[in-house]
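Single-letter residue listing:
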Amino acid sequence: ETGVTQTPRHLVMGMTNKKSLKCEQHLGHNAMYWYKQSAKKPLELMFVYSLEERVENNSVPSRFSPECPNSSHLFLHLHTLQPEDSALYLCASSQGTGPQETQYFGPGTRLLVL
Amino acid sequence: RKEVEQDPGPFNVPEGATVAFNCTYSNSASQSFFWYRQDCRKEPKLLMSVYSSGNEDGRFTAQLNRASQYISLLIRDSKLSDSATYLCVVNLGGTYKYIFGTGTRLKVLA
């Protein structure tokens, strides 16, 4: 399935590096999300964009910086990360937020911070 | 109290068995509910939405109990391929805030 794609799939970076995660959705959806999934913890919502405007930011550290240039693309810029930021970063999209809207997830980027 | 709680399991069941999971939620204003399935090292995928009247999709049945604030997932005639983690997801409705449970791990044994 190629509804939501993410690159890279794996990333190893040092604490002083700067990198970016990319997400692209081919579903014509209006909303896009970044989630963090750490071992034995539930998915944590990081950012939400609707029609390219940020509508939710769950107190995420400033070392994570999202960018949504258009409704199909979403980036997560990373800089000076900490080892505890190692996790699976999942992008998702949804058409809207009606009562039965569902989210479609990309395959994720598995990030390791050394 | 966590917003969405699930028994992490694992639930180990033989092929052909019936297994049920519950998920409790704390916010009585929650309006929409979902079960997602996540295979090891893969992304979550929608299994089914949960409607007030309950719904069934083949071997899978989902129920909502608003009075007790829980949803359930019943799997009949378990297959080896049902082995996965099942995530409960709750949305307040009209918002982008989807609250995920930690998931219940199911292992179906041959």
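This is a predicted model, so every value here is computed, not measured.

Asks: Describe the state of the cysteines, listing the residues and the values that go with them.
Replies: Under the defined criterion, the tally for this structure stands at two disulfides over all chains. The partner cysteine of Cys23 of chain A in its disulfide is Cys91 of chain A, sulfur to sulfur 1.9 Å. Residues Cys23 of chain A and Cys91 of chain A are joined by a disulfide whose S-S torsion is about -70 degrees; by sign, that bridge is left-handed. In this pair, Cys23 of chain A sits in strand β3 (residues 18-25) while Cys91 of chain A sits in strand β9 (residues 87-94), placing the two residues 68 residues apart along the sequence. Given a relative accessible area of 0%, Cys23 of chain A falls into the buried group. With its sulfur 1.9 Å from that of its partner, Cys23 of chain B forms a disulfide with Cys88 of chain B. A torsion of -70 degrees about the S-S bond marks the disulfide between Cys23 of chain B and Cys88 of chain B as left-handed. In this pair, Cys23 of chain B is assigned in strand β3 (residues 19-25) and Cys88 of chain B in strand β9 (residues 84-91), connecting sequence segments 65 residues apart. For the pair Cys23 of chain B and Cys88 of chain B, one class covers both residues: buried. Free of any disulfide, Cys68 of chain A has its nearest cysteine sulfur in Cys91 of chain A, 9.1 Å distant.

Asks: How would you sum up the environment of Lys107 of chain B? Please name residues and give values.
Replies: All names here are of chain B. Position of Lys107 among the secondary structure elements: in strand β11 (residues 104-109). Under the relative-accessibility criterion, Lys107 is labelled partly exposed at 31%. Not counting the four nearest positions on each side in its chain, Lys107 is found in contact with Phe11, Asn12, Val13 and Ser83.

The rules behind the values
- Residues numbered from 1 in each chain as written.
- Chains lettered and ligands numbered in written order.
- Predicted model: local features only at pLDDT ≥ 70, side-chain atom pairs only at ≥ 80, totals over all residues.
- Heavy atoms only, no water.
- Disulfide = S-S within 2.5 Å.
- Helix = DSSP H or I, 4+ residues; strand = E, 2+ residues; numbered from the N terminus.
- Buried < 20%, exposed > 50% of the residue type's maximum accessible area, 1.4 Å probe, protein only.
- Contact = heavy atoms within 4.5 Å.

From the geometry alone we can't say anything about function, so treat these as descriptive.
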